[in-house]
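Fold and geometry: a report
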Amino acid sequence: MAIVESILDIPVQDPPEEEFCSVDLTWTKFRNSEREDDVALIPYERVDAFIIGECSNVECPTRFHIERGRKRSLGSLKEYKNDEYLEYRMYWCSFGPENYGEGGGVLPSRRYRLNTRNRAARPQSMRGCTCHFVVKRLYARPSLALIIYNYSVRRHVNKSGFVCHGPLDRDAIGPGAKKIPYICNEIQQQTMSMIYLGIPEENVLEKHIEGIQRYCGSNAKVNSLASQYVHKLGMIIKRSTHELDLDDQASIRMWVERNKKTIFFYQDTSEAAPFILGIQTEWQLQQMIRFGHRSLIAVDSTFGIKRLKYPLCTLLVFDSRKHALPVAWVITRSFAKPDMSKWMKALHDRARSVEPGWKVSGFLIDDAAAETDPIRDIFCCPVLFSLWRVRRSWLRNIVKKCNNIEVQREIFKRLGKIVYSIWDGVDTFASLEELAQDFVDQTTFMEYFKASWVPKIEMWLSTIGTLPLASQEASGAIEAYHVKLKAKLFDDSHLGALQRVDWLVHKLTTELHSSYWLDRYADESGSFQNVKEEYIASTSWYRALQIPDSAVTLDDQDHLFAKVLSQRDSNLPRLVWNPGSEFAFCDCAWSMQGNLCKHVIKVNMICENRKSYQPSMSYQSYKEILMNLWKKPMDDSVSLDLSMAWTHHMLDQIQKLVELTSSSDIGTVVNNLPLKWVSKKGRTYVGKPSSTLPLPSSSKGMKTAAVRKKNRKRKRLSRLR
Ligand SMILES: [Zn+2]
Ligand SMILES: [Zn+2]
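Reading guide: rules and limits
Residues numbered from 1 in each chain as written. Chains lettered and ligands numbered in written order. Predicted model: local features only at pLDDT ≥ 70, side-chain atom pairs only at ≥ 80, totals over all residues. Heavy atoms only, no water. Pairing = 2+ DSSP bridges. Helix = DSSP H or I, 4+ residues; strand = E, 2+ residues; numbered from the N terminus. Polar contact = N/O pair within 3.5 Å; in protein donor to acceptor, adjacent residues only side chain to side chain. Contact = heavy atoms within 4.5 Å. Buried < 20%, exposed > 50% of the residue type's maximum accessible area, 1.4 Å probe, protein only. Donors = N, O, S within 2.8 Å, 3.2 Å for Na, K, Ca; no water. Tetrahedral: all angles 85-135°; square planar, octahedral: opposite > 155°, others 65-115°. Disulfide = S-S within 2.5 Å. Patch = residues over 30% accessible without salt bridge, like charges linked within 9 Å, V, L, I, M, F, W, Y side chains within 5 Å. Areas by Shrake-Rupley, 256 points an atom, 1.4 Å probe, with all protein chains shown as cover. Salt bridge = Lys/Arg side-chain N within 4 Å of Asp/Glu carboxyl O. Core = buried A, V, L, I, M, F, W, Y, C linked by side-chain atoms within 4.5 Å. Phe/Tyr/Trp six-rings, centres within 6.5 Å; stacked < 30°, edge-to-face > 60°. Lys NZ or Arg CZ within 6 Å of the ring centre and 35° of its normal.

Strand order across the open sheet formed by seven strands is β1-β2-β3-β7-β6-β5-β4, with mixed pairing between neighbours. Across the chains shown, the open sheet's two edge strands, defined by having one partner strand only, are β1 (3–4) and β4 (64–71). By the bridge criterion, seven bridges tie strand β5 (residues 85–93) to strand β6 (residues 132–138) in an arrangement that is antiparallel. The partner of Arg89 across the bridge, within β6, is Val135.

So, in structure tokens, the structure goes:
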């Protein structure tokens, strides 16, 4: 093989076949300063034909997934080498890179565990395959793609050099396993999600077959194999257990060993360091990159601090419907700065390794005791505070500890007043003293409040006063996640397991993950109409938007209460006490459980537009920031010009945001945007549940690829039968 040092000396190959593979190409040894690789140069528009061909390898049929990707925009480099990339994609055989069989020196054992993140054809199929290649779309010549194989042996072998899947694999699992039609990860994830959510097998099968038929047509053999597959998957899921070992710690260690890609940080308990486990599936990473970029990340911190062995902290993004979507879980008891910094940095680096320009605009916390320095240092963004946790905690305890509803709503209102007074310079302790005197007969509640809140109330109020405050929509969304998590984890059947970390991990990565995956999938694909509807209606904010203004009547004189007519039963008005405040109290059942209900949100939406009502906390906090901005700079200097320019820039951005949110036709807004929007589209593509086969994103390529794919699928099936 000739060794070439300039990419300009490599000929472009364009095989005539509809699809082609590495065998059809002539490979050149290409040497640059760092390394020597086998490369071939093809037209960029033939990349999908090559990938399809590479998948249809008769000895080792497989699929390739994108393991890593990078992108830059044209014009971003002033100087560049001939082999610099415009787009960089590393494709890896879906039977790797992980090896679920333990060891690796020996052929994989048969003890496999199911994993939701598994993208390969068979659930048991992560077998440590090392086969991978890189496709570089060239910066200097975007119409060409350079294919790079780092190993000169283009074979599907594991680290030890054994063929690890396909007909030549001596350890293939079970009779007939090799003939099962290859099922793309999206369908597999869908099927697994449905099984985890307890949907009956026949419905799961129906959807599963529907999915397969989209790319391999209908036939009895395929259907019967699909039925076996679904049944088998169901059995594996049913038998899979969180308890990999009787000892929880050992069990977790094993889980960590087998799920390396689902973990972004792990620190085992030792004398010097506390236990920390940071979990994030590949899909969650994609969602974090997609919805967190130039947007917000929120935390539901200290979940289960009393009931679980270690509390759970969830990182959330707001998805396209502004619902809270969990994108990472951290299980640890340590809230110390150094520990927090460690996992946050790992998480941030992980996102950056996929999308170098990834940037968060704001970070919402819900605990006044939380360390904010690591957030500012690592995410380099402002920290916002959400009132949802304190509101919920107060409301729940008031309802639980006071019997009379008039007392309940009055105490809640008074507490709200104390929080609102942070901007008025009112003496908090005098107000608290007054509260204690006025409700001296409410001993249970006052004792609770004195023990749990009075010692730290100053810290909470000062945090609320210093940090910008998050909106009611955000609070409602975080709370909706919290409530769902609670329902999934604390149903009575698991009381014995709450102290096991392996159980918590299992629950999160199977049931909860599946449920959110299916919600998003249903919304984006339009299938599973009932799942979609339920998902859309899962926040109070959304439900509030469904209430017509005419259903709300305000008491305009004293502003004491508002009435909301029920949509189902108009004889049953809901009474919202203290309207226009985050601390409004509604008498519906949902609110009596401590939740921010749709009635409160609806009433507050209406009050917001009336001058006689005070603005909400988040609005006041926003105004405070603007007032501060207005007071700077002090003189008519060049800094004033600069401030003006920056402010104008900011105004422009906010203007676009408002346009986007309030527009009924996003298309017109997008059309008016500058070209920059294109890069956002690329990100959306990355974020979508990955399709059957990751293909280059040119739409023309996609269409022809789909046709070819279909043909190929038929061809391969006939080859296999
Ligand atoms: Zn392979
Ligand atoms: Zn209500």
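Still to come is the rest of the account.
Locating Asp555 in the fold gives a position in the loop between β15 (552–554) and β16 (561–564). From its side chain, Asp555 meets the backbone nitrogen of Asp558 in a polar contact 3.4 Å long. At 2.8 Å, the side chain of Asp555 forms a polar contact with the backbone nitrogen of Leu560. Beyond its immediate stretch of four places on either side in the chain, Asp555 contacts Leu560, Phe561 and Tyr613.

The subject of this paragraph is the pairing of strand β13 (residues 362–365). Each regular strand carries side chains that alternate between the two faces of the sheet. Of the two faces of β13, the one holding Gly362 and Leu364 and the one holding Phe363 and Ile365 are both buried throughout. The sheet contact formed by strand β10 (residues 296–303) and β13 spans three bridges and is parallel. Among the inter-strand pairings, Leu296 is bridged to a residue of β13, identified as Gly362. With three bridges joining them, β13 and strand β14 (residues 383–385) adopt parallel strand pairing. Its bridge partner lying in β14, Leu364 is registered against Leu384.

Once that is clear, we can look at the coordination of the zinc ion (ligand 2). Protein-derived ligands of the zinc ion (ligand 2) are Cys586 (SG), Cys588 (SG), Cys597 (SG) and His599 (ND1), with the metal-ligand distances lying across 2.1 to 2.3 Å. Classification of the site at the zinc ion (ligand 2) rests on its four donor atoms, whose angles at the metal span 105 to 112°, yielding the label tetrahedral. When the donors of the zinc ion (ligand 2) are listed by position in the chain, the intervening gaps give C-x1-C-x8-C-x1-H. Of the two residues, Cys586 sits in strand β18 (residues 585–586) while Cys597 sits in the loop between α18 (589–592) and α19 (598–608), which places them eleven residues apart along the sequence.

What the rule picks out here adds up to zero disulfides. The thiol of Cys381 is unpaired, and the distance to the nearest cysteine sulfur, on Cys380, comes to 7.7 Å.

Moving on: a nonpolar patch on the surface. A cluster of nonpolar side chains, contributed by Tyr619, Tyr622, Leu626, Leu629, Met650, Ile654 and Val658, occupies part of the molecular surface with about 610 Å² of accessible area. For the nonpolar patch, the elements supplying multiple residues, two or more each, are α20 (617–631) and α21 (638–662). Sorting elements by how many residues they give to the nonpolar patch places α20 first, with four residues. For Leu626, the location among the structural elements is in helix α20. When its relative accessible area of 36% is taken as the criterion, Leu626 is described as partly exposed.

Turning to its location among the elements, Thr647 is positioned in helix α21. By relative accessible area, which is 31% here, Thr647 ends up partly exposed. For the pair Thr647 and Trp630, spaced 17 residues apart in sequence, the C-alpha to C-alpha distance is 9.8 Å.

So, about the nonpolar core. Judged by nonpolar contacts, the single largest core of 121 residues is most densely connected at Leu315, Ile331, Phe363, Phe379 and Trp394. Looking at this core, the element that brings in the most residues is helix α15 (residues 501–525), giving eleven residues. In this structure Ile331 touches Phe275, Ile276, Leu277, Ile279, Tyr310, Pro311, Leu312, Val501, Leu504 and Val505, once residues within four positions along its chain are discounted. With 38 residues, the next largest nonpolar core counts Tyr44, Val47, Ile51 and Tyr91 among its residues.

A separate point is the packing of aromatic side chains. Enumeration over the complete set of coordinates arrives at 26 aromatic pairs. Seen from their ring centres, Phe561 and Trp577 are 6.2 Å apart, and the 10° between their planes marks the pair as stacked. Taken together, the residues Phe561 in strand β16 and Trp577 in strand β17 (residues 574–577) connect sequence positions 16 residues apart. Judged by its relative accessible area of 28%, Phe561 falls in the partly exposed class. A relative accessible area of 15% means that Trp577 is categorised as buried. An aromatic cluster of three or more residues is present, and its members are Phe385, Trp394, Phe412, Phe445, Tyr448, Phe449, Trp453, Trp460, Phe583 and Phe585. For the cation-ring pair, Lys401 lies above Tyr448, with the distance from its terminal atom to the ring centre recorded as 4.5 Å. The ring of Tyr516 carries Lys484 above its face, with NZ or CZ at 4.2 Å from the centroid.

From the geometry alone we can't say anything about function, so treat these as descriptive.
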